[in-house]
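Reading the structure
The chain contents come next:
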Amino acid sequence: MLNQDQAADLFDRIKKHSTADEVEVLFAGGKSALTRFANNIIHQNVAEENYVVSVRTAFGGRTARATTNKLDDESLRRAVQSSERLAKVQHPDSDLLPMPARGSDAAHHDATPSRHFSETAAITPAQRAETVKKIVAIADQHKLTTAGICSTSESVEAVFNSRGLSDWHTQTSSEISITMLAADSSGWQKANSPNVATLNAAALAETAARNAFESASPREIPPGKYTVILEPAAVLDIVGFMFFDFGGLSVLDQRSFLNNRVGTKLFGDNINVWDDVAHPLQSGVPFDGEGMRRQKIQLVENGVIKQLVYARASAEKMKHSEHKDKVGPIAATGHGFPLPNEMGEAPMNIVFSANPNPSTVDQMIATTDRGVLVTRLWYIREVDPYEKILTGMTRDGTFYMEDGKIRHGVRNFRFNQSLIHMLSNVEAMSAPVRASGEESFDMVVPAMKVNDFNFTEVTKF
């Protein structure tokens, strides 16, 4: 693994090749390995070690970036030259700020817990195969066909610049994704964690298998508005479509559903959302693409949009814009992406606050007269950006509930649903958990019981 001293040495070599006013270097990479299985057998095992060095140079308001994954001196020199040539032909950007200096981020931030676990880093192909063996045994037991992945990684991310700023982060990651297939039904489960010891492959496989065989012979029920219980993966994948709109630049560009809505009540009283990289169930880097430390920010308080997140340049631009008196506190919050970019910033460590009176999914089911239980959603697309109306489909375990019990599996639905309406009609929530999906990044979210969720069509499967 590339270590901090080696990265610092590479940065010193890069600086010697540069004639720019300022130089910034991002390091990213590490070791990753994946075991893939299908039809109840392992069919692929791959491993990689790779590091990317990304060089940004700046000359008087002009900046550009070039990357290489070769660490020899000649390759580094070529990356610097490419960055400088590109920078010199750019139009000057009046919004480009000097690179942040060491200590320029004086804002208080909570200490981020270690996310590097030696047990995860040391996982071998044989150990991943044993994990798959447990999953396949459960599939065989229930006469199902299973497919999925079991992966682990050890990674580094770092930023250095010529004004003395440097920051370094290492972490591990482990992930299991399981699909169980029956003749006319399926089940799915996925989990990701820096600590492999927190993943229970057998429990995930049993849940996926149960969803598959309990949803067999799905019946068709008519589309319409239903009380819906969304399991955490389904919540994550649908709410994930709104968080890029919490970036300051998206409001400045008039492409956010929060334009003219910061400070207003959009959601129900029970919706409280933070961006918190230091939360014990979160993962990721505690600094942004310029090296600014990520701050803990409350995005939503009792349904009211409280604050946006900002990169340095977006905050400065907002302070001098027509929106400055309508968007709450304005300051760099450590949420910027590497420059140059057109996106600005976004909160990437979403945490829904715990409800004072959480309900389990079983308790939600027991209090439902008539409704639909949804394991996960997929193929989600935005229909109306300002009202945040999304369309998508249910998948891998959709059930009809009546009189407080799950009655049978149902054919999947297409939905058309406003996130604003959905988060204004949450009747109950479970305790938040770290959840993984396929349409969005991992978050800490609860299961939700939502009234009047709008299903528009029934599928053929």
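Within every chain, residues take consecutive numbers counted from 1 along the sequence as written. It should be noted that, the model being predicted, local features are given only for residues of pLDDT at least 70 and side-chain atom pairs only at 80 or more, the latter also being counted only at that level, while totals for whole chains, interfaces and linings use all residues. Values shown for side chains rest on all heavy atoms present in the structure; no hydrogens or waters enter the calculation.

Quick word on empty space enclosed by the protein
As a reminder of what qualifies: Method remark: on a 1 Å grid restricted to protein atoms, a set of points is classed as a cavity if a 1.4 Å probe fits but cannot get out and as a pocket if it is open with protein on both sides within 12 Å along at least five of seven lines; lining residues have an atom within 4 Å of a point. Grid points are joined across faces, edges and corners, and a volume is the space filled by probe spheres set on the points. All amino acids are sorted into three groups, where Ala, Val, Leu, Ile, Met, Phe, Trp, Tyr, Cys and Pro are nonpolar, Asp, Glu, Lys and Arg are charged, and the leftover types, Gly among them, are polar.
For the structure shown, the criterion picks out two cavities of 30 Å³ or more. Its boundaries defined by the atoms lining it, the second largest cavity holds a volume of some 40 Å³. Around the second largest cavity sit V251, L258, N259, N260, V262, H323, K326 and V327, which together line it. Considered class by class, the residues forming the lining of the second largest cavity number four nonpolar, three polar and one charged.

Quick look at the sheet that holds strand β4 (residues 145-161)
Put simply, the rule is: Any two strands are treated as partners once DSSP identifies two or more bridges connecting them. The numbering of helices and of strands both runs from the N terminus, where a helix is a DSSP run of H or I of at least 4 residues and a strand a run of E of at least 2. Axes here refer to lines fitted to C-alpha atoms; in helices the fit is confined to the stretch in contact. Angles between the N-to-C directions go from 0 to 180 degrees. Any pair of residues with heavy atoms lying within 4.5 Å of one another is described as a contacting pair.
Ordered by their spatial adjacency, six strands build an open sheet running β3-β2-β1-β4-β5-β6, and the pairing between neighbours is antiparallel. Both outer strands of the open sheet, β3 (62-68) and β6 (186-193), are each paired with one neighbouring strand and no more. Each strand of the sheet is rotated relative to its neighbour by a mean of 15 degrees, with strand direction disregarded. Pairing geometry for β4 and strand β5 (residues 166-181), over 16 bridges, is antiparallel. Counterpart to T145 in the pairing with β5 is L181. The strands touched by helix α2 (residues 73-88) are β2 (41-59) and β3; relative to β3, the strand with the most contacts, the crossing angle is about 150 degrees. Of the strands in this sheet, β1 (22-38), β2, β4 and β5 are in contact with helix α4 (residues 125-141), which crosses β4 at around 145 degrees.

Here we look at the pattern of salt bridges
As a reminder of what qualifies: Basic side-chain nitrogens of Lys or Arg form a salt bridge, by our definition, when they fall within 4 Å of a carboxyl oxygen of Asp or Glu. Per-residue accessibility, obtained with a 1.4 Å probe over protein chains only, is compared with the maximum for each type, and a residue is labelled buried under 20%, exposed over 50%, and partly exposed between these values.
In the structure shown here, the tally under the stated rule is 24 salt bridges. Across the salt bridge formed by R65 and E24, the nearest N and O atoms sit 2.7 Å from each other. Here E24 lies in strand β1 and R65 lies in strand β3, a separation of 41 residues in the sequence. Judged by relative accessible area, E24 falls into the buried class, the value being 0%. For R395, the salt bridge identified is with D396, shortest N-O distance 3.3 Å. Overall, the relative accessible area of 29% leaves R395 in the partly exposed class.

Some words on unusual backbone geometry
Of note, the bond from L339 into P340 is cis; its omega dihedral lies within 30 degrees of zero at -10 degrees. Looking at the secondary structure, you find P340 in the loop between α8 (312-319) and β11 (350-352). Phi at K388 is positive, roughly 50 degrees, even though this residue is not glycine. Inspection of the secondary structure puts K388 in the loop between β12 (370-384) and β13 (389-402).

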